[in-house]
Amino acid sequence: DSGVTQTPKHLITATGQRVTLRCSPRSGDLSVYWYQQSLDQGLQFLIQYYNGEERAKGNILERFSAQQFPDLHSELNLSSLELGDSALYFCASSVSLPEGTGFDNEQFFGPGTRLTVL
Amino acid sequence: GENVEQHPSTLSVQEGDSAVIKCTYSDSASNYFPWYKQELGKRPQLIIDIRSNVGEKKDQRIAVTLNKTAKHFSLHITETQPEDSAVYFCAASIRIQGAQKLVFGQGTRLTINP
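Residues numbered from 1 in each chain as written. Chains lettered and ligands numbered in written order. Predicted model: local features only at pLDDT ≥ 70, side-chain atom pairs only at ≥ 80, totals over all residues. Heavy atoms only, no water.

1. Examining the pattern of salt bridges
Residues and elements named next belong to chain A.
- Evaluation of the coordinates by the stated rule reveals six salt bridges over all chains.
- The residue Arg-26 makes a salt bridge to Asp-29 at a minimum N-O spacing of 2.8 Å.
- Its relative accessible area of 1% is what places Asp-29 among the buried residues.
- Across the pair Arg-63 and Glu-82 runs a salt bridge, and its minimum N-O distance is 3.7 Å. Of this pair, Arg-63 sits in the loop between strand S6 (53-57) and strand S7 (64-68) while Glu-82 sits in the loop between strand S8 (74-78) and strand S9 (87-94), placing them 19 residues apart in sequence.
- For Glu-82, a relative accessible area of 43% corresponds to the partly exposed category. (Salt bridge = Lys/Arg side-chain N within 4 Å of Asp/Glu carboxyl O. Buried < 20%, exposed > 50% of the residue type's maximum accessible area, 1.4 Å probe, protein only. Helix = DSSP H or I, 4+ residues; strand = E, 2+ residues; numbered from the N terminus.)

Listed below in structure tokens is the structure:
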């Protein structure tokens, strides 16, 4: 158990719908990352939040958005869903070191949410 | 741009033999290189990582080597066991304006044959 929790574990919905995935980081971690993993594919970085603010964006579609709340949990919103959005969505968290330390650090992954769009 | 190439995509070895997975990265600013193991339907789990100020790191049967000049890093698993069967992902981290971004390779499906 990494200490990162994600809900729900599974989600089945129809095309055109909107869903919200939730992530709670490890205690003390300020950074949250979202990744998409399609069938037999690698992990695609979507977006990073640090202490409530967006820090980095990857290949995130305009139909997708995210936010991090004051209690540090994060939500990923997926709208106008398409069949191709079916995937495993992982959240990860990390301890963010102060600026100037030079190196990055381990990301701990949650169990994922499996989204199926029918 | 940022890119991580991972080879091979599949690897099958006999139990007890060694397995080697190789990755190359494109961004010379990358400074952190984790390796993750992912079993079917489960979350990626970190198995070993290396930072750019080190050339090699070992943890029991697992080792990682880094060649910064060639922008190349490798995972070595010795004395393989059936429970090593999984998909392995390499990644390279870059820091952009204070934000950390992990770029993953496409994964290697490792099968250990008893």
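2. Structural notes on the sheet that holds S7 of chain A
All names here are of chain A.
- Across the sheet, which stays open at both edges, the four strands sit in the order S1-S3-S8-S7 with antiparallel pairing between neighbours. The sheet is open, and its two edges are formed by strand S1 (5-7) and S7, each paired on a single side. Taking the axes of each pair of neighbouring strands and ignoring which way they run, one obtains an average angle of 15° across the sheet.
- When strand S3 (residues 19-24) meets S8, the two strands line up antiparallel, connected through five bridges. For Thr-20, the partnering residue across the bridge sits in S8 and is Asn-77. (Pairing = 2+ DSSP bridges. Axes fitted to C-alpha atoms, helices over the stretch in contact; angles between N-to-C directions.)

3. Concerning the sheet that holds strand S8 (residues 72-77) of chain B
All names here are of chain B.
- Taken in spatial order, the five strands of this open sheet run S1-S3-S8-S7-S6, and their pairing is antiparallel. The outermost strands of the open sheet, each flanked by one partner alone, are strand S1 (4-7) and strand S6 (56-59). Geometrically, the sheet is characterised by an average inter-axis angle of 15° between neighbouring strands, direction not taken into account.
- Pairing between strand S7 (residues 62-67) and S8: six bridges, direction antiparallel. Note on S8: the bridge partner recorded for Ala-63 is His-76.

4. Description of the interface of chain B and chain A
- Between chain B and chain A, the contact holds 26 residues from the first and 28 residues from the second.
- Taken as a group, Arg-43, Arg-95 and Gln-100 of chain B account for 27% of the area that chain B buries against chain A, more than any other trio of residues on that side.
- Linking chain B with chain A are zero salt bridges, by the criterion used here.
- Contributions of two or more residues to the side of chain B that touches chain A are made by strand S4 (32-38), strand S5 (45-51), strand S9 (86-96) and strand S10 (99-104) of chain B.
- Top element by residues in the side of chain B that touches chain A is S10 of chain B. It accounts for five residues.
- Residues that form the side of chain B that touches chain A fall into these classes: nine nonpolar, 11 polar and six charged. (Contact = heavy atoms within 4.5 Å. Buried area = accessible area lost by both parts, 1.4 Å probe. Nonpolar A, V, L, I, M, F, W, Y, C, P; charged D, E, K, R; others polar.)

5. Quick notes on the state of the cysteines
- Applying the stated rule across the entire model yields two disulfides over all chains.
- There is a disulfide in this structure between Cys-23 of chain A and Cys-91 of chain A, and the S-S distance comes to 1.7 Å. Disulfide Cys-23 of chain A-Cys-91 of chain A: the torsion about the S-S bond is -45°, which places it as left-handed. Placement of Cys-23 of chain A in strand S3 and of Cys-91 of chain A in strand S9 is noted, with a sequence separation of 68 residues between them.
- We classify Cys-23 of chain A as buried; its relative accessible area is 0%.
- Classification of Cys-91 of chain A as buried rests on a relative accessible area of 0%.
- Between the sulfur of Cys-23 of chain B and that of Cys-90 of chain B lies a disulfide, 1.9 Å long from S to S. Its S-S torsion of about -100° marks the bond between Cys-23 of chain B and Cys-90 of chain B as left-handed, since a negative value means left-handed. Of this pair, Cys-23 of chain B sits in strand S3 (residues 19-25) while Cys-90 of chain B sits in strand S9; the two residues are 67 residues apart in sequence, bridging distant segments of the chain. Just as Cys-23 of chain B is buried, Cys-90 of chain B falls in that class too. (Disulfide = S-S within 2.5 Å.)

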